[in-house]
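If you want the building blocks of each chain, they are given just below.
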Amino acid sequence: MTDQTPALRLEGIVKTFPGVRALDGVSFSVMPGEVHALMGENGAGKSTLMKVLGGIHQPDEGRIIVNEVPVVMSGPLEAKAKGIVFIHQELSLAEELTVAENIYLGELPRKRFGLVDWHKLDAMTNVILKKLKVGFDAKTRVGDLSIANQQMVEIARALTVDAKAVIFDEPTASLTDAEKSVLFDVIADLQKAGVGIIYISHRMEEIFKITDRISVLRDGQYRGTLDTAETSEEEVTQLMIGRTLDLSRSASRHELGDVALEVRGLCCKPLFEDISFEVRAGEVLGFYGLVGAGRTEIAETLFGLRDPSAGQILLGGEEVRIQSPADAIARGISLVPEDRKGQGLILGMNCRDNMTLPQVDDLTAGPFVAEGSEVAIFDQYRDKLDIRTPGWKQLVGNLSGGNQQKIVIGKWLSMHPQVLIVDEPTRGIDVGSKSEIHNLIRDLAAQGYAVLVISSEMPEVLHVSDRIVAMYSGRIMRTFTAGEVTEDNLIQAISGIGGATAA
Ligand SMILES: Nc1ncnc2c1ncn2[C@@H]1O[C@H](COP(=O)(O)OP(=O)(O)OP(=O)(O)O)[C@@H](O)[C@H]1O
Ligand SMILES: [Mg+2]
């Protein structure tokens, strides 16, 4: 690769925000036809570096060099004109517009007299959608799509440009395995066409599967570049967080208390049916299955967001009907939702208020008014979860993606629930913080909380759970104890191989 010219190069980039030196002299380059991973802890500066490259932020110092020519990126349009395309971590689509309008926004095909050529627009769009094997068409309103499908629209938009470099900022966070493999095919095609790819992700598996080189940032500083084929997860982790992690199964098991939550024959057709399980105080019950297996919907039902059509929910041995989230919270159930943006956070509000915001309007009194001042609560969870922010006054929208997720977790923990449900707790979270969150889940159980963990990551459920419920297509296929579960029998159970067996 050394005889080639980089597709683009960043040199000595410095970017400061009030109170934060987000980038401290970072250099980075990507070759044509290379997939180059950019890794680092939450808040390390990855997205900021890409925003500098995309003209969204102007650097305080440093140069951007495209084809050996220094350029000033005045804004996203200029970056695009230079063939630099982004798939952002936070979606940036217009929900009211159709898929086609979003993809060709600003460049809609015109007929005579400047009228939009709708026919051509739809045809052009459908060609790209077909390539991506998605199940929606050009006329679908973006707001009606799932987060994963919106992500696919972002990807489609990138494919319309004659790109020199494409930047993927955590593109797989909300994709299913099938969508992921389509994405990896798209990346391979771009690579063959000589496009330089910058790939940001916290998922080591993916990084080792699709990238050629890995560059690491730490606290805004460049730490080095490794050849993927010649390095290991341990080495990358060491470079990212300055230590290696012990990822073995947590050994500290403790006595379990009484059954905190029991569910009998719970149904909400067609989402799930005949769901029965119990979880004791001090126990972590994992829910594993493919996206769409019904796990999130069960959580939502327990949290009063859906009405079950049949079945019973018992808390501390007593049957309850949970009418609303306020009701769930009053009964000691908290839910850390899957989609932090839609359900968890107000981006234009500061960190403290997001964390201590009463969850529901009428929840201003009762057992969940936290002790101490709100700032003290914020400080407590900032330390516990290692949230990186200059202070509580920072707007949540200015935090890095992973740190936003930590604010959501802190918010629900600060309500001291008896039953805590966490749905994909470490999505978008770096390896170091991930293991901290896993330890935190185990600690909460040790303190007597009953914890339900929904996760699509097998190592995660295996690591934190005392027992694991394997789901397939709205049904429980099997419940495993930590002692009997293996990767193989878990995969079998969630693929629907073999019939359902009693828990
Ligand atoms: N607009 C902004 N105003 C103030 N601070 C910001 C702004 N954007 C980013 N920061 C800060 O800059 C630092 C780097 O953030 P960045 O989003 O680049 O991290 P990241 O490496 O992408 O993390 P993650 O893995 O969580 O996405 C963080 O401390 C963040 O809070
Ligand atoms: Mg980021």
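The structure we're discussing is the one just above.
Everything numeric here is computed off the predicted structure, so don't read it as measured data. (Residues numbered from 1 in each chain as written. Chains lettered and ligands numbered in written order. Predicted model: local features only at pLDDT ≥ 70, side-chain atom pairs only at ≥ 80, totals over all residues. Heavy atoms only, no water.)

## As for the side chain of histidine 202
- In this fold, histidine 202 is placed in the loop between strand S8 (196–200) and helix H7 (204–210).
- Side-chain polar atoms of histidine 202 contact the side chain of glutamate 170, separated by 3.4 Å.
- When near neighbours in sequence (up to four residues on either side) are disregarded, histidine 202 contacts Met39, Gly40, Glu41, Asn42, Lys46, Glu170, Gly428, Ile429, Asp430 and Val431. (Helix = DSSP H or I, 4+ residues; strand = E, 2+ residues; numbered from the N terminus. Polar contact = N/O pair within 3.5 Å; in protein donor to acceptor, adjacent residues only side chain to side chain. Contact = heavy atoms within 4.5 Å.)

## Section: the sheet that holds strand S9 (residues 213–218)
- In spatial order, the strands read S6-S7-S8-S3-S9-S10; together these 6 strands make up an open sheet with mixed pairing. Of all strands in the sheet, those bounded by a partner on one side alone are strand S6 (84–87) and strand S10 (221–227). The mean inter-strand angle of the sheet, taken between neighbouring strand axes irrespective of direction, is 20 degrees.
- Bridge analysis of S6 against strand S7 (residues 165–169) gives 4 bridges, and the strand direction is parallel. Counterpart to isoleucine 84 in the pairing with S7 is alanine 165. (Pairing = 2+ DSSP bridges. Axes fitted to C-alpha atoms, helices over the stretch in contact; angles between N-to-C directions.)

## A closer look at the pattern of salt bridges
- What the rule picks out here adds up to 30 salt bridges.
- In this structure, arginine 388 and aspartate 219 form a salt bridge, with 3.7 Å as the shortest nitrogen-oxygen distance. Here the residue arginine 388 occupies a position in the loop between helix H13 (374–385) and helix H14 (401–413), and aspartate 219 occupies one in the loop between S9 and S10, the gap between them amounting to 169 residues.
- Its relative accessible area of 49% is what places aspartate 219 among the partly exposed residues.
- Two residues, aspartate 379 and arginine 382, come together in a salt bridge whose shortest N-O distance is 3.6 Å. On the criterion of helical spacing, the pair formed by aspartate 379 and arginine 382 is a turn pair, its members being 3 residues apart in helix H13.
- With relative accessibility at 27%, the residue aspartate 379 sits in the partly exposed group.
- Look at the salt bridges and you will find they share partners, linking Arg9, Glu11, Arg63 and Glu68 into a network. (Salt bridge = Lys/Arg side-chain N within 4 Å of Asp/Glu carboxyl O. Buried < 20%, exposed > 50% of the residue type's maximum accessible area, 1.4 Å probe, protein only.)

Functional significance is not addressed by these values, which are geometric in nature.
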